[in-house]
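Summary of structural features
Residue-level listing of the chains:
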Amino acid sequence: MATTTHVFRVEGMHCGSCALLIDDALEDLPGVQSTQTTVKQGRSTVELDSGQSTPEDVIRAIEELGYQASPMP
């Protein structure tokens, strides 16, 4: 299991509850080892086993909650 760290810009968060909601949803994805979402920085950092889920799966999960997400370089 090789994990890689991916950082995503997340737009549309208004408070800490938004970040917690995103983290809870991402933790349910297969292969997510850890996730930290911050409203202040407007980003989510995810340690992911890309053999089980892809960065696109992470973006889809965030967008299904009503936020906009995109990979950061």
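The model shown is predicted, which means the values in this text are computed figures rather than measured ones. (Residues numbered from 1 in each chain as written. Predicted model: local features only at pLDDT ≥ 70, side-chain atom pairs only at ≥ 80, totals over all residues. Heavy atoms only, no water.)

Here's the deal with the overall build of the chain
Going by this rule: Numbering of helices and strands runs from the N terminus; a helix is a DSSP stretch of H or I covering at least four residues, while a strand is a stretch of E covering at least two. In this description the radius of gyration comes from C-alpha coordinates, and the expected globular size is given by 2.2 Å times residues to the power 0.38. Three exposure classes are used, based on accessible area relative to the maximum for each residue type with a 1.4 Å probe and protein chains only: buried under 20%, partly exposed in between, and exposed over 50%. Residue contacts follow a heavy-atom distance rule, with two residues in contact if any of their heavy atoms lie within 4.5 Å. Residue-level accessible areas treat just the shown protein chains as cover; the underlying method is Shrake-Rupley with a 1.4 Å probe. By the counting scheme adopted, Arg and Lys are positive, Glu and Asp are negative, and His together with the chain ends is not counted. Note on charges: their place is set at NZ of Lys, CZ of Arg, CG of Asp or CD of Glu.
The number of helices and strands found in the chain is two helices and four strands. Of the regular secondary structure in the chain, the N- to C-terminal order runs β-α-β-β-α-β. Against the globule reference of 11 Å for 73 residues, the chain gives a C-alpha radius of gyration of 11 Å, in line with a compact fold. Counting every position in the chain, which comprises 73 residues, the buried fraction comes to 34%. The long-range share in the chain, meaning contacts at least 24 apart out of those at least 6 apart in sequence, stands at 60%. Carbon and sulfur atoms provide 48% of the accessible area of the chain, an area that totals close to 4,300 Å². Put simply, the chain has 4 plus and 11 minus side-chain charges, and the middle of one group is 12 Å from the middle of the other.

Thoughts on the UniProt feature "domain: HMA" (unreviewed entry) in the chain
Note the cut-off: UniProt positions are given in the numbering used here, feature names are shortened, and annotations may be inferred rather than shown by experiment.
According to UniProt, the positions carrying the feature "domain: HMA" (unreviewed entry) are residues 4-70. For the annotated span residues 4-70, helix accounts for 33% and strand for 37% of the residues, and the straight-line distance between the end C-alpha atoms is 17 Å.

Re the nonpolar core
How we decide: Take the buried Ala, Val, Leu, Ile, Met, Phe, Trp, Tyr and Cys residues and link them wherever side-chain atoms come within 4.5 Å; each set so joined is a nonpolar core.
Residues Met 13, Ile 22, Leu 26, Val 46, Val 58, Ile 62 and Tyr 67 are the most contacted members of the largest nonpolar core, which totals 17 residues. Secondary structure elements with two or more residues in this core: strand S1 (3-11), helix H1 (16-27), strand S3 (43-49) and helix H2 (55-64). Every residue in contact with Ile 22, bar those within four places of it in the chain, is listed here: Val 10, Met 13, Thr 37, Ser 44, Ile 62, Leu 65 and Tyr 67.

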